[in-house]
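Okay, here's what each chain looks like letter by letter:
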Amino acid sequence: MARYFENSADDLVPDALTGFARAHADLVEFDASDGYVTARHTAPARRVGLLSGGGSGHEPMHAGYVGAGMLDAACPGRVFASPHNRQIYRASLAAARPGGVLHIVKNYTGDRINFGIAAERLADRGITCARVLVDDDLASDSEEIAAGRRGTGGTVLVEKILGGAADAGLGIEELTELGTAMVGRCRTLAAASAAHHAPGTGEPAFSLPVGELEYGVGIHGERADRTRPQGDVRALVEDMTGALLAELRPGADEPVVALVNGLGSVTSLELYGIFGEMGRVLDARRVRLARHLVGNYVTALDMRGFSLTLLVADPAVLAFYDAPVHTAALRW
């Protein structure tokens, strides 16, 4: 069993958030009673507050993206569990600007329900609220999955770009339209050779034979619809990148933003090798790689895997992406 360094499974998230807020006291403030994190500094021109959230265990998402140029607030729930609608409501009140508050929500049933209840409560208070639903996971794009595609790595790119757009003064309708359009042009695919281990029990979420991997795994340990031999990374990344491109079909003059994301236990050595292979595929297919991120951005506790994300961009989107950001996990 893999044992976590924790006081208890119940204390893991609040203890981590307390430590996170102390480590980054210049950037964020943690409301321990209602369980949300807010930014200390945001752009004066911002008319709409940005709020995201979801289960813990995906660090640095969500609290790591609270700060100037990105989120005004984040609501982390328990490990792999939606935040309570009370948390979301309280955080929304703290984040709301004169133009309202925009919820950036990953497509999971619990998140949709709790963010929806919070939005209804905000409407009763006369606070404008809208939603961008992120559903970028290519592996769960199936008519047999009633909830639709899951929200995964693309959430980071959507939050960054909407942060730049909000700092430019865009209103809530403009931000919602931009975010929805970006989600439609963004897809993610993940693979893992070993599952995460559950806090408290230390047991793995699933087991795989040596040399096999889950192709299309979810960030909560959801099993893929198939396994495949791991093989060498070149063939794996070529297949994954090819699947993303086949879905997105970028035009000849449309660049992409790429995210090579570790799911918890993959080393930087491996991630940079994966990025190199992805770049080789894009070059061979004459797809211009305009921007990229490589590292751990949306993890799944200690899962041994990675995800690839592509977002088809245009000059306006790239300008919002390039806008200054200063958070615990992302800054330039």
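What you see is a predicted model; the values in this text were computed from it and never measured.

Student: Residue-level account of the packing of helix α6 (residues 233–248) against helix α7 (residues 268–284), with values.
Tutor: Helix-helix packing is described using two parameters, namely the angle between the two axes and the distance between the axes. Remark: α6 packs on α7, axes separated minimally by 9 Å, with the N-to-C direction vectors making an angle of 55°. Taken together, α6 and α7 sit at an angle that is classed as oblique. Crossing geometry of α6 relative to α7 is assigned as right-handed. Contacts between α6 and α7 pair Val233, Arg234, Val237, Glu238, Thr241 and Leu245 from the former with Ile274, Glu277, Met278, Arg280, Val281 and Leu282 from the latter. For the contact of α6 with α7, the per-class residue count stands at seven nonpolar, one polar and four charged.

Student: Quick rundown of the state of the cysteines? Include the residues and the values.
Tutor: Per the stated rule, a full pass over the model turns up zero disulfides. Note on cysteine 129: no disulfide assigned, nearest cysteine sulfur contributed by cysteine 75 at a separation of 11 Å. The exposure class of cysteine 129 is partly exposed, given its relative accessible area of 25%.

Student: Account for a positive patch on the surface, naming residues and giving values.
Tutor: Together, Arg86, Arg90, Arg121 and Arg125 line one region of the surface with positive charge. Along the chain, arginine 86 turns up in helix α2 (residues 85–95).

Student: Help me get a handle on the nonpolar core, residues and values and all.
Tutor: Judged by nonpolar contacts, the single largest core of 62 residues is most densely connected at Leu162, Leu175 and Leu311. Sort the elements by how many residues they give to this core and helix α4 (residues 154–167) lands first, with seven residues. One finds Ala191, Ile274, Leu282 and Val294 within the second-largest nonpolar core, a separate group that totals 26 residues.

Student: Explain the sheet that holds strand β8 (residues 186–194) residue by residue, including any values.
Tutor: The strand order across the open sheet formed by six strands is β10-β9-β8-β13-β11-β12, and the pairing between neighbours is mixed. Both outer strands of the open sheet, β10 (227–229) and β12 (289–295), are each paired with one neighbouring strand and no more. Adjacent strand axes in the sheet meet at a mean angle of 20° when their direction is disregarded.

Student: Before we move on, can you summarise the sheet that holds strand β1 (residues 28–31) with the specific residues and values?
Tutor: Spatial strand order, β1-β2-β5-β3-β6-β7: six strands in an open sheet with mixed pairing. Of all the strands in the sheet, the pair left with one neighbour each is β1 and β7 (129–134). Mean inter-strand twist for the sheet, computed between neighbouring axes without regard to direction, equals 20°. In this sheet, strand β2 (residues 36–39) lies alongside β1 in antiparallel orientation, the contact comprising four bridges.

Calculation notes
Residues numbered from 1 in each chain as written. Predicted model: local features only at pLDDT ≥ 70, side-chain atom pairs only at ≥ 80, totals over all residues. Heavy atoms only, no water. Axes fitted to C-alpha atoms, helices over the stretch in contact; angles between N-to-C directions. Helix = DSSP H or I, 4+ residues; strand = E, 2+ residues; numbered from the N terminus. Parallel < 35°, antiparallel > 145°, perpendicular 65-115°, else oblique. Left-handed = near helix turned anticlockwise from the far one by under 90°. Contact = heavy atoms within 4.5 Å. Nonpolar A, V, L, I, M, F, W, Y, C, P; charged D, E, K, R; others polar. Disulfide = S-S within 2.5 Å. Buried < 20%, exposed > 50% of the residue type's maximum accessible area, 1.4 Å probe, protein only. Patch = residues over 30% accessible without salt bridge, like charges linked within 9 Å, V, L, I, M, F, W, Y side chains within 5 Å. Areas by Shrake-Rupley, 256 points an atom, 1.4 Å probe, with all protein chains shown as cover. Salt bridge = Lys/Arg side-chain N within 4 Å of Asp/Glu carboxyl O. Lys, Arg positive; Asp, Glu negative; His and termini not counted. Charge placed at Lys NZ, Arg CZ, Asp CG, Glu CD. Core = buried A, V, L, I, M, F, W, Y, C linked by side-chain atoms within 4.5 Å. Pairing = 2+ DSSP bridges.

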